[in-house]
Amino acid sequence: MSDPTHTGYARTLGAMSGASPGIEPATSASIGGSADAPSSGGKRVLLAKPRGYCAGVDRAVIAVEKALELYGPPVYVRKEIVHNRHVVDTLRERGVIFVEETSEVPEGALVVFSAHGVSPAVHTEAEQRGLRTIDATCPLVTKVHKEVNRFARDDYDIMLIGHEGHEEVEGTSGEAPDRVQLVDTAGDVDKVAVRDPSKVVWLSQTTLSVDETMERVDQLRERFPNIADPPSDDICYATSNRQVAVKAMAAECDLVLVVGSQNSSNSKRLVEVALQAGATAAHLVDFAREVDEAWLEGVRTVGVTSGASVPDVLVMELLEWLAERGWGDVQEVTTANEKIAFALPRELRGAGESKPSSVR
């Protein structure tokens, strides 16, 4: 195997200056608004773009909807298909049954694996129980799984930067549990043990903050100066793009509202990024009704964005809620235009044209 170390990778990831495949970067952070926007006494909303659904989430949600269309309810889904209350509740109303473990699915039934991915042990259990499966794992997560397998075959110790207990981390670690060590906190860096310091590589959960990831990488590099970088950026394009858009507007915002669920890693990171980039305050909400009006006291500029698993209808509802309270001037802050799309899981290909997702 060729040396996987890529000099400058960390600097590139930290600066996030390169465009991801399928992404058209804006030449600069452009702010667009309507000339017909009502006078708001200086109150305005900066609306981040890109925001909301990424290609992996869209693919996973459509996969469940397509399964319902083809096979009828019930369709079982292991874990939440994506981490968003509105999406999960809407699909549940349509006949989806969410379970924690594959063992809860009746033998012979249809089960969809979520966008976060599962370990080989889960696939094996499903096969042993005669389950019909549809794998909606995001292709970018699958890429990290393949990286784990590649480095495990070459006898590397793998440092996986991620959050303990997150479904994606569990699935990725399960690809080579005897080679993967989770690095969540700074304390974890001190605890890891390797067999050969010259054969160590770091990989990461796809939905982390870029800054948070690089902090852990720097700490790992202090212990293991020869630690190898991943062959490509593990943090997904959508996570990176949404963080860049928030950074572009945060310093101008008295308040940033991030639409997303509490169990959504990438949504929670957007709150952290907003605060680190200069926003006076930032909060995570699932719905407009969760906004505390006290947060708006003394606020002139509100920033609005949403996590990669959030349908845009929830953002539109928040904008309407803000407009009713005087924040009707909406200016979009554009840092990139996303063009990427993923094919449906192979189990659903050739099953007819997919309708646009109704969970929007």
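Being a predicted model, the structure only gives us computed values, none of them experimental.

J.: How would you summarise the overall build of the chain if you had to cite specific residues and measurements?
T.: Along the backbone of the chain there are 11 helices and 13 strands. For the chain, the residues scored as buried account for 54% of the 360 residues in total. A separation threshold of at least 6 residues defines the contact pool for the chain, and within that pool the share at least 24 residues apart is 79%. Total accessible area on the chain is roughly 15,400 Å²; 47% of this is exposed by carbon and sulfur atoms.

J.: Explain the packing of aromatic side chains residue by residue, including any values.
T.: Per the counting criterion, the structure on display carries one aromatic pair. Each ring, one from Phe151 and one from Tyr156, has its centre 5.4 Å from the other, and the planes form 70°; the classification is edge-to-face. With respect to class, Phe151 is no different from Tyr156; both count as buried. The ring centre of Tyr71 lies 5.7 Å from the NZ or CZ of Arg132, which sits over that ring. Here the basic side chain of Arg150 rests over the ring of Phe151, its NZ or CZ set 5.0 Å away from the ring centre.

J.: Run through the UniProt feature "binding site: (2E)-4-hydroxy-3-methylbut-2-enyl diphosphate" (unreviewed entry) in the chain, naming residues and quoting values.
T.: As annotated in UniProt, the feature "binding site: (2E)-4-hydroxy-3-methylbut-2-enyl diphosphate" (unreviewed entry) corresponds to His83, His116, His166, Thr206, Ser264, Ser265, Asn266 and Ser309 in the numbering used here. Checked against the lining of the largest cavity, the annotated residues just named reduce to His83, His116, His166, Thr206, Ser264, Ser265, Asn266 and Ser309. By secondary structure assignment, the location of His116 is in the loop between strand E5 (110-113) and helix H4 (120-128). With a relative accessible area of 11%, His116 lands in the buried category. Residues contacting His116, with those up to four places away along its chain left out, are Glu80, Ile81, Val82, His83, Val141, His166, Glu167 and Glu168. A polar contact is formed between the side chain of His116 and the side chain of His83, at a distance of 3.5 Å. Examined against the element boundaries, Thr206 turns out to sit in the loop between strand E9 (200-204) and helix H8 (210-223). According to the relative accessible area criterion, Thr206 is buried, its value standing at 3%.

J.: Give a detailed account of the side chain of Thr305, specifying residues and quantitative values.
T.: Relative to the elements of secondary structure, Thr305 occurs in strand E12 (residues 301-306). Those residues in contact with Thr305, other than ones at most four positions away along the chain, are Ala48, Pro50, Arg51, Val246, Leu257, Val258, Val259 and Leu270.

J.: Can you lay out the UniProt feature "binding site: dimethylallyl diphosphate" (unreviewed entry) in the chain for me, pointing to particular residues and giving the numbers?
T.: Taken from the UniProt record, the annotation "binding site: dimethylallyl diphosphate" (unreviewed entry) applies to His83, His116, His166, Ser264, Ser265, Asn266 and Ser309. Lining residues of the largest cavity drawn from the annotated list: His83, His116, His166, Ser264, Ser265, Asn266 and Ser309. Looking at where His83 falls in the secondary structure, it is placed in the loop between strand E3 (75-78) and helix H3 (85-93). Residue His83 is classed as buried on the basis of its relative accessible area, which comes to 5%. Ignoring sequence-local partners within four residues, the contact set of His83 consists of His116, His166, Glu167, Ser261, Asn263, Ser264 and Ser309.

Rules of the game
- Residues numbered from 1 in each chain as written.
- Predicted model: local features only at pLDDT ≥ 70, side-chain atom pairs only at ≥ 80, totals over all residues.
- Heavy atoms only, no water.
- Helix = DSSP H or I, 4+ residues; strand = E, 2+ residues; numbered from the N terminus.
- Buried < 20%, exposed > 50% of the residue type's maximum accessible area, 1.4 Å probe, protein only.
- Contact = heavy atoms within 4.5 Å.
- Areas by Shrake-Rupley, 256 points an atom, 1.4 Å probe, with all protein chains shown as cover.
- Phe/Tyr/Trp six-rings, centres within 6.5 Å; stacked < 30°, edge-to-face > 60°.
- Lys NZ or Arg CZ within 6 Å of the ring centre and 35° of its normal.
- UniProt positions renumbered as here; feature names shortened; annotations may be inferred.
- 1 Å grid on protein atoms, 1.4 Å probe; cavity = no way out; pocket = protein on both sides within 12 Å on 5 of 7 lines; lining within 4 Å.
- Polar contact = N/O pair within 3.5 Å; in protein donor to acceptor, adjacent residues only side chain to side chain.

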